[in-house]
Amino acid sequence: MREQGAAISPQPEGWAISRQKLMKFAIQINTSPYQSNAGHSAYQFIKAALSQQHEIFRVFFYHDGVYHAFKYATPPDDELQFTAQWSELARLHQLDLVVCISAAQRRGLLHCDEAKRQGKQDNDLAEGFRISGLGQWVEATLEADRFIVFG
Amino acid sequence: MKRYLFVLRKAPHSGAYVQELLDIILTTAAFDQHVSLLLLDDAVFQLKNGQNPDCTGMKDTAAIFKALEIYDVNNIYTELESLQERGLTVDDLCLPLQTLCRRDIAGLIQDFDVVFSG
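Everything numeric here is computed off the predicted structure, so don't read it as measured data. Once a new chain begins, its residue numbering starts again from 1 and follows that chain's sequence as written. The order in which chains are written sets their letters, starting at A; the order in which ligands are written sets their numbers, starting at 1. It should be noted that, the model being predicted, local features are given only for residues of pLDDT at least 70 and side-chain atom pairs only at 80 or more, the latter also being counted only at that level, while totals for whole chains, interfaces and linings use all residues. Only hydrogens and water are removed before side-chain values are computed, so all heavy atoms of the structure are retained for them.

(A) Local environment of the sheet that holds strand S2 (residues 34-39) of chain B. Residue and element names in this part refer to chain B. Strand order in the open sheet formed by five strands is S4-S3-S2-S1-S5, and the pairing between neighbours is parallel. Of all strands in the sheet, those bounded by a partner on one side alone are strand S4 (98-100) and strand S5 (114-117). Strand-to-strand, the axes of this sheet are offset by a mean angle of 25°, without reference to chain direction. Pairing geometry for S2 and strand S3 (residues 75-79), over four bridges, is parallel. Looking at S3, one finds that Leu-37 is bridged to Ile-76. A pair of strands counts as paired when DSSP detects no fewer than two bridges linking them. Put simply, DSSP marks the helices as runs of H or I at least four residues long and the strands as runs of E at least two long, and each gets a number from the N terminus on. To get an axis, fit a line to the C-alpha atoms, keeping to the stretch in contact for a helix; angles then go from 0 to 180 degrees between the N-to-C directions.

(B) Representation of the packing of aromatic side chains in the model. Pairs were defined over the aromatic rings of Phe, Tyr and Trp, the Trp ring being its six-membered one, requiring ring centres within 6.5 Å. Orientation was assigned from the angle between planes: stacked under 30 degrees, edge-to-face over 60, tilted for the rest. As enumerated under the stated definition, the model contains 15 aromatic pairs over all chains in all. Centroid distance Tyr-43 of chain A to Trp-86 of chain A: 5.6 Å. Interplanar angle 75°. Geometry classified as edge-to-face. Taken together, the residues span a long stretch of sequence, with Tyr-43 of chain A in helix H1 (residues 38-51) and Trp-86 of chain A in helix H2 (residues 82-93) at a distance of 43 residues. The two residues Tyr-43 of chain A and Trp-86 of chain A agree in class, both being buried. Measuring from ring centre to ring centre gives 5.5 Å for Tyr-67 of chain A and Phe-70 of chain A, while their planes differ by 20°; the resulting arrangement is stacked. The exposure class of Phe-70 of chain A is buried, given its relative accessible area of 18%. Each residue in the set Trp-137 and Phe-147 of chain A together with Tyr-4, Phe-6 and Phe-116 of chain B is aromatic and connected to the rest through ring pairs, giving one cluster. Consider the ring centre and the ring normal. A charge sits over the ring if Lys NZ or Arg CZ is within 6 Å of that centre and within 35 degrees of that normal. Stacked on the ring of Phe-112 of chain B, the Lys or Arg Arg-3 of chain B has its end atom at 5.0 Å from the ring centre. The side chain of Lys-10 of chain B reaches across the aromatic face of Tyr-17 of chain B, ending 4.6 Å from its centre. Here the term buried applies to any residue with accessible area under 20% of the maximum for its type, exposed to any over 50%, and partly exposed to those in between, with areas from a 1.4 Å probe on protein chains only.

Structure, rendered in structure tokens:
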């Protein structure tokens, strides 16, 4: 994870340092799985946060982060299966994994609905992800106690 | 409503980075949030006067910064040292900015609810 890339919102009023205080997090991932470890750091952060009963309001994939959502990524068996890991995490915890539509289309990631509209035949979106717009990002940052950018 | 600070650090035409960051900035402003920008490091080149990206077929991203005013994004900050290290002054830039010293940047960032560093 690139340290400069990490942005944490300042503490809201009335927030006291307490092990019991449960947080609502919004997470953003900006880099592709093979460009940096940021996506994997986010994945591990989310697992740790969930194990301590914190809430992950939404994970937003932006810039090259959309490369996490490609269904047909087929790494060798002895490597980390990034996309499958996210799909599994979403399934286990009902995570809301949102891929930005404009960033996705630029990079050739099309859900079947959108592909049809564009006269194409793709259906690239992996299980557990959904495609939506930047309004979802704004909502996530408004709802969350903390917003953290990875990558 | 929250106060958002977008921290830009890259030069123009760094892939789709600037375009996509401007999309997120404009969307946030369109949702009536309080939006400010901070240009650090090579991002000071974003607003450099006299860019002519058309000649290489690139999009004029500086023009989009000029449109931010329409969305009530009037607070654009930069860092004096970032300008000096690149031989620039505020007169080389195409928009009026508020210039801060490096030691005052942390204080500025503390004023915001959401800090987005791209």
